[in-house]
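Examination of the molecular architecture
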Amino acid sequence: MEKEFLPLKGTDHVEFYCGNAKQSAHFYQMAFGFRLSAYAGPETGVRDRASYVLTQGKVRLVLTTSMDPNSEISEHVKKHGDGVKVLALWVDDVESAYRETTNRGAIGVSEPKEYSDENGSVKMASIQTYGETLHTFVERHDYKGPFLPGFEAREPLMHVEEVGLKYIDHCVGNVELGRMNEWVEFYQKALGFDLLITFDDKDISTEYTALMSKVVSNGNGYVKFPINEPADGKKKSQIEEYIEFYKGAGVQHIAIATDDIIHTVGEMRKRGVDFLYVPDNYYDDIPERVGAIDEEIEDLKRLNLLVDRDDSGYLLQIFTKPVEDRPTLFYEIIQRKGAKSFGKGNFKALFESIEREQAIRGNL
Ligand code: FE2
């Protein structure tokens, strides 16, 4: 087999551009159980922005706000609202990652550069993906600092109990009508990803709306990016609603894995996270549809968890409502018990639930 030209060690971090990172950091700590671990801003010599690094398990979120109303960050927030700017990928060799991907058609945004402080050095480079989203390659062999050069370690100001979030399972992009294949080909050609699964509008449609989705994955499967586009339906699809409010393509949801979803979602609910709702009758045919599972159906029902089975096992999942006022980014919490798929059996119930929310917002 040909040697992989872009070996990835996983997701390094996800950076959000937001209007008030200080307050968003509080939300992710109180509601999602993340822990503040590092900070960069005026107090650490960074004049133009403030960034808060939040960690839980292997998940690392970076929340950044600009000090300057005319900066690229502020422009991004003005246009998109709070949203994901960077899906950073952890590599062994940034020079090679940048060269191989740009040689294959990726548009370079920043060339490989080394950043150093007393803790060592990190190399980074960025390429463009859908919308105004970037992939930043991060090489951090011997770096000993809390995050990146320029960041200082920070302790949370309050006691934070983690909720058991472990790692990012997948990050989903919504792209404009007719552009899904273009972006799938981008990941295949420029990043060497494989097409894992295709869902068409027969798989993902309700009485009113439809969408299409293809999942691409890197060689070791650590990085999975489903790409959605709207399909023709009687009414406006959730993907169209997203694109209308995000003002273009962008990250729709981040799925974070747990190994005890009953505990994780129970805690998140206690802390005020708002999840999508499926009606009680969703649970009526679980034994026939999914077969034997370790969990009590009563617990799934109480927490409104979804369950689905594929050839390799089953999975439990649930989706938050959007975490901003614009109906844009939301989160999925997922526990895989063997299953490698994405919960196709739940699509209908899920999309009907999303449509109820769209209708309440006046966007259906
Ligand atoms: Fe998902």
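Everything numeric in this text was worked out from a predicted model, so none of it was measured.

Moving on, we get to the pairing of strand E5 (residues 83–90). Within a regular strand, the side chains alternate between the two sheet faces. Counted residue by residue, E5 has 7 buried out of 8 residues, so it is predominantly covered. In this sheet, E5 lies alongside strand E1 (residues 10–17) in antiparallel orientation, the contact comprising 7 bridges. Directly across from Phe16, in E5, lies its bridge partner Val84.

On to the coordination of the iron ion, then. Within the first shell, the iron ion binds the protein through His170 (NE2), His253 (NE2) and Glu332 (OE), at distances of 2.0 to 2.2 Å. Residue classification places His170 among the buried positions, given a relative accessible area of 3%. Look at Glu332 and you get buried, because its relative accessible area is 2%.

Here we take up the pattern of salt bridges. By the definition in use, this model includes 24 salt bridges. Between Glu176 and Arg179 there is a salt bridge; the shortest N-O distance is 3.7 Å. Assessed through its relative accessible area of 24%, Glu176 is described here as partly exposed. Assessed through its relative accessible area of 30%, Arg179 is described here as partly exposed. Salt bridges sharing common partners tie together Asp12, Arg60 and Arg140.

Domain annotation of the protein identifies domain 1 (10–153) and domain 2 (165–361). If you average the C-alpha positions of domain 1 and of domain 2, the two centres end up 25 Å apart. Across the contact, 40 residues belong to domain 1 and 36 residues belong to domain 2. Applying the counting rule to domain 1 against domain 2 returns 0 salt bridges. Applying the counting criterion to the domain 1 and domain 2 interface returns 10 residue pairs in polar contact (both at pLDDT 80 or more). Ranked by the residues each element gives to the side of domain 1 that touches domain 2, the list is headed by helix H2 (residues 72–80), at 5 residues.

The next thing to look at is the nonpolar core. Counting residues in hydrophobic clusters, the biggest one holds 92 residues, and the most contacted among them are Phe16, Tyr28 and Ile254. Per element, the largest residue contribution to this core is 7 residues, and it comes from helix H4 (residues 180–191). Counting contributing residues, this core receives three or more from each of domain 1 (10–153) and domain 2 (165–361). Setting aside residues no more than four positions away along its own chain, Tyr28 makes contact with Phe16, Gly33, Phe34, Leu54, Leu61, Leu63, Val323, Leu329 and Tyr331. Counting residues in hydrophobic clusters, the runner-up holds 14 residues, among them Val62, Ala88, Phe147 and Phe151.

One pass over the structure, following the stated rule, counts 21 aromatic pairs. A ring pair is formed by Phe27 and Phe32, whose centres lie 5.7 Å apart and whose planes are at 55°; its orientation type is tilted. Assessed through its relative accessible area of 32%, Phe27 is described here as partly exposed. Here a set of aromatic residues connected by ring pairs shows up, and it is made of Phe16, Phe27, Tyr28, Phe32, Phe34 and Tyr331.

Further remarks concern the pairing of strand E17 (residues 330–337). Judged by how many residues are buried, E17 sits mostly within the fold: 6 of 8 residues are covered. Pairing of strand E14 (residues 250–258) with E17, which is carried by 5 bridges, proceeds in the parallel orientation. In the sheet register, Ala257 faces E17, and the bridge partner there is Ile334. Pairing between strand E16 (residues 313–319) and E17: 5 bridges, direction antiparallel. The partner of Leu316 across the bridge, within E17, is Gln335.

Definitions and limits used
- Residues numbered from 1 in each chain as written.
- Predicted model: local features only at pLDDT ≥ 70, side-chain atom pairs only at ≥ 80, totals over all residues.
- Heavy atoms only, no water.
- Buried < 20%, exposed > 50% of the residue type's maximum accessible area, 1.4 Å probe, protein only.
- Helix = DSSP H or I, 4+ residues; strand = E, 2+ residues; numbered from the N terminus.
- Pairing = 2+ DSSP bridges.
- Donors = N, O, S within 2.8 Å, 3.2 Å for Na, K, Ca; no water.
- Salt bridge = Lys/Arg side-chain N within 4 Å of Asp/Glu carboxyl O.
- Domains from an automatic or database assignment.
- Contact = heavy atoms within 4.5 Å.
- Polar contact = N/O pair within 3.5 Å; in protein donor to acceptor, adjacent residues only side chain to side chain.
- Core = buried A, V, L, I, M, F, W, Y, C linked by side-chain atoms within 4.5 Å.
- Phe/Tyr/Trp six-rings, centres within 6.5 Å; stacked < 30°, edge-to-face > 60°.

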